[in-house]
2 protein chains.
Amino acid sequence: MMYDLIVVGSGPGGLKAATRAATAGLKTALVEKSDIGGTCLNWGCIPTKMFLGATAASPLLHTQVKAKTVTGSLDFSLPSLVQKKDRFIKGTRSAAEKQLISLGVDILKGTAAFSSPTAITVTNDEGSTEVTFKKLIIATGSMPSAFPGLEPDGDCVLNSSHVLTLTEAPESLIIVGAGAIGLEMGDFFSRLGTKITIVEALPNLAPSEDPDVGDTFRKILKREKWGIRTGEKVQSLKTVDGNAVLTFESGETLTADKALMAAGRTPASQELNAAAAGIECVGAGWITTDDHLLAAENIYAIGDVNGRTLLAHAADHQACYAVDHASGKTTAAYESGPMPACIYGHTEVMRVGPNTAELQKAGHTVETSTAMLVANSIAQSYGSTQGFVKVLWVENKVHGIVAIGHGVSHLVTGATIMVKQQWSLKDVHSIIWAHPTLDEALEMALIAPRKPA
Amino acid sequence: MMYDLIVVGSGPGGLKAATRAATAGLKTALVEKSDIGGTCLNWGCIPTKMFLGATAASPLLHTQVKAKTVTGSLDFSLPSLVQKKDRFIKGTRSAAEKQLISLGVDILKGTAAFSSPTAITVTNDEGSTEVTFKKLIIATGSMPSAFPGLEPDGDCVLNSSHVLTLTEAPESLIIVGAGAIGLEMGDFFSRLGTKITIVEALPNLAPSEDPDVGDTFRKILKREKWGIRTGEKVQSLKTVDGNAVLTFESGETLTADKALMAAGRTPASQELNAAAAGIECVGAGWITTDDHLLAAENIYAIGDVNGRTLLAHAADHQACYAVDHASGKTTAAYESGPMPACIYGHTEVMRVGPNTAELQKAGHTVETSTAMLVANSIAQSYGSTQGFVKVLWVENKVHGIVAIGHGVSHLVTGATIMVKQQWSLKDVHSIIWAHPTLDEALEMALIAPRKPA
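No experiment lies behind these values; they were computed from the predicted model shown.

Thresholds applied
Residues numbered from 1 in each chain as written. Chains lettered and ligands numbered in written order. Predicted model: local features only at pLDDT ≥ 70, side-chain atom pairs only at ≥ 80, totals over all residues. Heavy atoms only, no water. Helix = DSSP H or I, 4+ residues; strand = E, 2+ residues; numbered from the N terminus. UniProt positions renumbered as here; feature names shortened; annotations may be inferred. Buried < 20%, exposed > 50% of the residue type's maximum accessible area, 1.4 Å probe, protein only. Contact = heavy atoms within 4.5 Å. Polar contact = N/O pair within 3.5 Å; in protein donor to acceptor, adjacent residues only side chain to side chain. Axes fitted to C-alpha atoms, helices over the stretch in contact; angles between N-to-C directions. Parallel < 35°, antiparallel > 145°, perpendicular 65-115°, else oblique. Left-handed = near helix turned anticlockwise from the far one by under 90°. Nonpolar A, V, L, I, M, F, W, Y, C, P; charged D, E, K, R; others polar. Pairing = 2+ DSSP bridges. Phe/Tyr/Trp six-rings, centres within 6.5 Å; stacked < 30°, edge-to-face > 60°. Lys NZ or Arg CZ within 6 Å of the ring centre and 35° of its normal. Least-squares fit on C-alpha atoms with pLDDT ≥ 70 in both.

Among all residues save glycine, negative phi is the norm, and among peptide bonds the norm is trans. Residue and element names in this part refer to chain A. Cis geometry marks the peptide bond from H435 to P436, where omega comes out at -5 degrees. Examined against the element boundaries, P436 turns out to sit in the loop between α12 (425-428) and α13 (439-447). The backbone phi angle of L293 is positive, close to 65 degrees, even though this residue is not glycine. Residue placement: L293 occurs in the loop between β19 (286-287) and β20 (294-296). In this model, N298 sits at a positive phi of 65 degrees, which is unusual for a non-glycine residue. As for its placement among the helices and strands, N298 is situated in the loop between β20 and β21 (299-301).

Attention now goes to the UniProt feature "binding site: FAD" (unreviewed entry) in chain A. Under the feature "binding site: FAD" (unreviewed entry), the UniProt entry names K49(A), T140(A), G141(A), S142(A) and D304(A). Residue placement: K49(A) occurs in helix α3 (residues 45-54). Taking the relative accessible area as the measure of exposure, K49(A) reaches 6% and is therefore buried. Not counting chain neighbours up to four residues away, the residues in contact with K49(A) comprise E184(A), Y344(A), I378(B), S381(B) and P436(B). Position of D304(A) among the secondary structure elements: in the loop between β21 and α8 (312-326). Under the relative-accessibility criterion, D304(A) is labelled buried at 16%. Those residues within four positions of D304(A) in sequence are excluded, and the remaining contacts are G141(A), S142(A), W286(A), T309(A), L310(A) and L311(A). Within polar-contact distance, the side chain of D304(A) engages the side chain of S142(A) at 2.7 Å.

Any two packed helices are characterised by how steeply their axes cross, that is the angle between the axes, and by the distance between the axes. Residue and element names in this part refer to chain A. Two numbers describe how helix α1 (residues 12-23) lies on α8: the axes approach to 7 Å, and their chain directions differ by 30 degrees. By the angle between their directions, the pair α1 and α8 is classed as roughly parallel. In this structure, α1 crosses over α8, and the sense of that crossing is right-handed. Residues P12, G13, K16, A17, R20 and A21 of α1 pack against A312, A315, D316, A319, C320, V323 and D324 of α8. Here the contact of α1 with α8 is composed, by residue class, of eight nonpolar, one polar and four charged.

Another aspect to go through is the pairing of strand β22 (residues 340-343) of chain B. In β22(B), alternate side chains face the same way, and those of P340(B) and C342(B) on one face and A341(B) and I343(B) on the other are all buried. Between the end of β22(B) and the start of strand β23 (residues 348-352) of chain B, which pair antiparallel, lie four residues, with G345(B) showing a positive phi angle near 140 degrees.

Attention now goes to the packing of aromatic side chains. The relative placement of two aromatic rings is captured by the distance of their centres and the angle of their planes. This model, assessed by the stated rule, comprises eight aromatic pairs over all chains. When the centroid spacing of 5.2 Å and the interplanar angle of 65 degrees are considered together, the rings of Y321(A) and Y334(A) count as edge-to-face. With a gap of 13 residues between them, Y321(A) in helix α8 and Y334(A) in the loop between α8 and β22 (340-343) connect regions that are remote in the sequence. An identical accessibility class is assigned to Y321(A) and Y334(A); each is buried. An aromatic cluster is defined as three or more aromatic residues linked by ring pairs; in this entry it consists of F51(A), F188(A) and F189(A). Above the ring of W393(B), the side-chain terminus of R450(B) is found at 3.5 Å from the ring centroid.

Let us now look at the relation of the copies chain A and chain B. With an RMSD of 0.0 Å, the fit of chain A onto chain B corresponds to turning through 180 degrees and sliding 0.0 Å along the axis. These values place the two chain copies in the arrangement generated by a two-fold rotation axis. When the interface residues of chain A are mapped onto chain B, 100% of them again lie at the interface, so the same face is used by both copies.

Okay, structure coming up:
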């Protein structure tokens, strides 16, 4: 069978690519070896958001109990939360599948491997089939990294997929990795009463953000009684006598009911037989792409697997470009524009565009202007006043915005537009800012005095 | 004493005007007869937001209890909530006063009345003082309307100020008026266990919004067991034997522990002796202003009192213009640009720009495109999936955006920019939309098929 376009992988990038291609009239196939929706829907963004949304009352209440405005207690049922999440995911998966079928996309279940630069073999329990393509988009995504000595065993040492299937909240949980996954899962389990210890090899929490984001996160989590160990390398993480035991390189150990490995992602390119199509990989298998997201002639790689940006919406954006380029609608080089990224939970991080270090590395002189959330009436109304919004300026134009605090992910679309359009102070005054809103903290940051970064 | 600029009233408009003028070097006085901060800070937006923020856990929990993911109970302490609110308001007031003083603004406590077109008399318990001005800004705001037969008595029939001082939640509450104040206070008291009945003379809840907003609100509130009476006129509202008794024009009566009059606002212009300055008022006393917000030579009227838009941020925006015009920094006519407006609570309304009827009245052919929140993963995560985002298009440009549902006020800044910049579909694709966010419902609405309004 010959397809105009084959998409390998059905995460946010692959799904978008397949639907866009089929809508544009291309004869399209989508290859998926596991569940439609990929990591984002099944084991990533969506399940964590379902957990965080369903339990959002807990930290709000906790804050008010401290403020003595309320008494009461909550007892979440993890089995019910898991069931509710699974039901939603199953429904979404089924809706996505139906949409693909209604658009005429052939869904090929199995593992894809290149047999030549113009053909792949799809292998499943029933055997192998070769299909050929005019164009192909690799959208196989990424998987949790496995580090020697820290391999999740599914018993007491869990990866981010295992942890979503727990039916009982552990008394204590060690989390290795203080990026989005670690911080979000820690927030969720702390709502269920789990004692959290987070371990990060780098010096800061949320290590890809400006250090002051990490500092603020540390203050907030300390107050919430998290154990925090940063700048310390882990030597091993094992199940020992029914407990998770972490050993630092220093020899010190930590013990907890469970441990979650949430450090690093590795590209899902191993099974592709990429060399057969002349595709180059670097490092752990990240697929090298050119300015048009091409990994080889007529073969694109989008999303996590090309290592550019490990975010669902980056994959989605690249998918649109790749389909448009494949169908001749654009010949321009791929440009992502400013990338938004959020960490969700009761305390959130929102960033659009590069951080200070990245801007400085690109040769820019950076100024920053900041507003603290404590001066914002909506932050005050929730009693969650720790945090800030910071604007990064280059030559009087907004080049980046970062925020930490309760609810700051809500600022993301406005912030994305401002960075994309490189707003000046005049633009800030071009709109009426609604009152009272958390957004006014962003306005205050935009108009605050600037200082050199 | 002669001032470059006198500002009468210290609500959001007056405060902004005084600080902006003083910062620009004008010799400035601010006259206030009551509390610094006006209605917004003391009896309006801020206290209601403090109440809604502090109790936000309640409806989130309620939703999850229904979904059987949690058991538990809450008992809010209204005295503590009132105390917390009062403490915040007092602190904010004090901070505002200190800032004014540090900027060199003279705060004149008392009631202002024009004695001539260039002088006012400020009267307080200690007597009267005449002060003269080069320019003056009236920013006296508005008050709850009093209708004959429905006058709040502070006993069982309350206005929006009385209701903020209750220390015990009534068992039952009749709310007259289904605009922002009525809906927000109803949401708050329902969280404390009060049985709410809302009464609106117009056919729809949220009557200044598109009718489908009102329809959705009705569905949601019915499910929450509110009594809803729309399209029925009230003849009287009285305290009778320790209860609030509402009588419809039909003769039917409703009885509750308390009633809240939340219908209509009336301009606070009565005490100004406006005629002495040659200022014209219409209707209940709304001050007539020209294209430069001038009510008479060198005298501006901003905010609620000019009747243009009864919103804090409208006053703030007009304040900036009036000070700039008064100090010669602009000579252009005042233009507000698209106005954002929100109703807050567990179910929120967000609107930017005119509604469909207003656009059609202006001669536009309107198309709409809509996305339902039920398809949004963040709405799903909270279990609050009723609602929608609707975009109003004129000639393929965004002219208005309206939304109803949990959390939709968070869309306001992005929406304001889109309406202000009259986005086309191309602009929608110019940014990367973060995933997963409620904002994606706005994106879906923007790219959805359009149909004639």
